Amino acid sequence: METRITDGNAYKQACPTRLALDRIADKWTVLVMGLLESRPRRFSELKREVEGISQKMLTQTLRDLERDGLITRTVFAQVPPRVEYEITPLGRTLCEPIAAIRRWAEVNINELMDAQSVYDARR
C-alpha cells in the first residue's frame, strides 16, 4: 500500500522528504540531470561527459533517478540494443533549481576556496 505524506517537514528526522533532499543534493544527480535536461542520452554519452564518474556510480545514479521517477530508461530493440535515458515531467520540475545550484557553485567557487584557505590557515 502506498504511503502518502500529508505534512512533510524535512527538519524532522523521520520525515521521508529527507530522501528527496539526499537525491537532489548528490553531485552526480546534479550533473546527470543537467545533461538530460537538454535531450535524451545514452549511457556512454553520460559517462563521457560527466568526467570522473565511475561506471558503477553512473549506473547507481541512473537507477536511483529512475526509481524516483525523475528519468525514464528506454531500451530500443536493435542489435546491439540501444538504451536511452530521458528526463520525466517530474524530473523537469527539478531542472531550474538544480541549474541554479550548479551556476551558484560555478560563480562562487573562488570565494568559497578563499574562505576555506582563510579558515585552514587559522587552524
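Just above sits the structure.
Residues numbered from 1 in each chain as written. Predicted model: local features only at pLDDT ≥ 70, side-chain atom pairs only at ≥ 80, totals over all residues. Heavy atoms only, no water.

Asks: Would you mind showing me how to read the sheet that holds strand β2 (residues 71–76) here?
Replies: Each strand in a sheet pairs with its neighbour through backbone hydrogen bonds, running either in the same direction (parallel) or in the opposite one (antiparallel). As summarised here, the arrangement of the three strands in space is β1-β3-β2, forming an open sheet in which the pairing is antiparallel. The sheet terminates laterally at β1 (41–42) and β2, the two strands that pair on one side only. Relative to strand β3 (residues 82–87), β2 runs antiparallel, the two being bridged by six bridges. Bridging from a neighbouring strand, I71 pairs with I87 of β3. (Pairing = 2+ DSSP bridges. Helix = DSSP H or I, 4+ residues; strand = E, 2+ residues; numbered from the N terminus.)

Asks: Even after reading the chapter, I still don't get the side chain of T88, so can you show me in this structure?
Replies: Note on placement: T88 falls in the loop between β3 and α5 (89–122). With residues up to four places along the chain from it excluded, the contact list for T88 reads G69, L70, I71 and T72. (Contact = heavy atoms within 4.5 Å.)

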